[in-house]
Amino acid sequence: MLFRSLQYGPNLLETQRALAINYLHLSRENDAAAAASRALQINPNDAESHYVVWAANGKRPDDQSIRKALVLNPNLVMAHVDLATAYFFKTRDYNKAADHYKKAVDLADSPQLHNYLGTTLRSQGYFPRAIAEYRRAIELDPNFAPAHMNLGITLFYMNKFNDSIASTNKAISLNPNYPDSYFFLARSYEATNNPQLATKNYVLFLDLVREQENYSSYISTARKSLAKLQGGSYSK
């Protein structure tokens, strides 16, 4: 369809906008920005094209392009989602991240969005509200592993270790490739005095992450716990 549009209507707003979005999905940011700029020459008030310009230029939360996009179309779900994610990871502004995830959820009720909102609420210490979001995600898709995992993590932080074990085991049964599931499962087993299963899951966690820098604090905790559980040093 896009190829046909390029043949018969290369200068149409819809064609340039679709081209910009496709380039963005392919991580061709320069091409995406160029196509979006061409679309904005045709219609300076095209919200999606302002969004693409923003997304292709680093997704800075303070960039005026995203403000313009949401003024023009307050119901642009992808803009709310990406702006929320930018607030979460780039500035750690969890209040604004939660606001935009909530707007996205209100516009598009999906397990992924409830999971994102739940994690943002958990980061603020709102554990019961986070649990409600994860359970809504699971209600929408009972096989959505990230929601089961994050529910288990939140229950761990609430010292509900047996419930955490049940949720993280469910997450692993659905998708065995999330390191966080093994880490928090190990911690819950350690907290409930089950050294054998704690050891097993710490080792599985370490095998999965293999020195990934973003897991450095978890790796340190896992190694210290393994040393304690094994009555000596642990090196791997």
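Let me begin by describing the structure that accompanies this report. (Residues numbered from 1 in each chain as written. Predicted model: local features only at pLDDT ≥ 70, side-chain atom pairs only at ≥ 80, totals over all residues. Heavy atoms only, no water.)

Notes on the overall build of the protein chain
Note the threshold: Here a strand is any run of E in DSSP of at least two residues, a helix any run of H or I of at least four, and the numbering for each starts at the N terminus. Relative accessible area decides the class of each residue, using a 1.4 Å probe on protein chains only: under 20% of the type maximum gives buried, over 50% gives exposed, and in between gives partly exposed. Whether two residues are in contact is decided by their heavy atoms, any of which lying within 4.5 Å being enough. Computed with the Shrake-Rupley method and a 1.4 Å probe, the accessible areas treat only the protein chains shown as cover for residues. In this count, Lys and Arg are taken as positive residues and Asp and Glu as negative ones, while His and the chain termini are left out. Here the site of a charge means atom NZ of a Lys, CZ of an Arg, CG of an Asp or CD of a Glu.
When you go through the protein chain residue by residue, the secondary structure sums to 14 helices and zero strands. Across the protein chain, helices and strands are ordered from the amino to the carboxyl terminus as α-α-α-α-α-α-α-α-α-α-α-α-α-α. For the C-alpha atoms alone, the extent of the protein chain along its principal axes is close to 70 × 35 × 30 Å. Residues counted as buried form 46% of the 236 residues belonging to the protein chain. Considering only intrachain contacts with a sequence separation of at least 6, the fraction spanning at least 24 residues in the protein chain is 45%. Of the roughly 12,400 Å² of accessible surface on the protein chain, 49% is carried by carbon and sulfur atoms. Between the centroid of the 26 positive side chains of the protein chain and the centroid of its 21 negative side chains there is a distance of 4 Å.

Here we look at the packing of helix 8 (residues 111-123) against helix 10 (residues 145-157)
Between two packed helices, the angle of one axis relative to the other and the distance separating the axes together describe the packing. Going by this rule: Helix axes are fitted to C-alpha atoms over the stretch in contact, other axes to C-alpha atoms as well, and angles between N-to-C directions run from 0 to 180 degrees. For classification purposes, angles smaller than 35 degrees are called roughly parallel, those larger than 145 roughly antiparallel, those between 65 and 115 roughly perpendicular, and all remaining angles oblique. A clockwise turn of the near helix away from the far one marks a right-handed crossing, whereas an anticlockwise turn of less than a right angle marks a left-handed crossing. Side-chain classes follow a simple rule in which Ala, Val, Leu, Ile, Met, Phe, Trp, Tyr, Cys and Pro form the nonpolar group, Asp, Glu, Lys and Arg form the charged group, and the remainder, Gly included, forms the polar group.
Contact pair helix 8 / helix 10: the axes reach a minimum separation of 10 Å and the direction vectors enclose 15°. The angle between helix 8 and helix 10 places the two elements in the roughly parallel class. Taken as a pair, helix 8 and helix 10 cross one another with a handedness that is left-handed. Taking contact as the criterion, the partners of N115, T119 and R122 in helix 8 are, on helix 10, P146, A147, N150, I153, T154 and Y157. Each residue belonging to the contact of helix 8 with helix 10 can be placed in one class, and the counts come to four nonpolar, four polar and one charged.

Examining the packing of aromatic side chains
Two aromatic rings, taken as a pair, are described by how far apart their centres are and by the angle between their planes. Heads up, the condition is: Two rings from Phe, Tyr or Trp (for Trp, the six-membered ring) form a pair when their centres are within 6.5 Å of each other. A pair whose planes differ by under 30 degrees is stacked, one over 60 is edge-to-face, and the rest are tilted. Lysine NZ or arginine CZ positioned within 6 Å of the ring centre and within 35 degrees of the ring normal marks a charge as sitting over the ring.
The tally for this structure, following the rule as stated, stands at 17 aromatic pairs. Summarising the aromatic geometry, the rings of F156 and F184 are spaced 5.5 Å apart at their centres and angled 70° between planes, so their arrangement reads as edge-to-face. With a gap of 28 residues between them, F156 in helix 10 and F184 in helix 12 (residues 179-191) connect regions that are remote in the sequence. Here the aromatic rings of Y215 and Y218 are separated by 6.1 Å at their centres, their planes lie at 50°, and the arrangement is tilted. Assessed through its relative accessible area of 11%, Y215 is described here as buried. The exposure class assigned to Y218 is partly exposed, which follows from its relative accessible area of 23%. A network of ring pairs unites the aromatic residues F127, F156, Y157, F161, F183, F184, Y202, F205, Y215 and Y218 as a single cluster. For R129, the ring lying beneath its charged end belongs to Y126, and the centroid distance is 4.8 Å.

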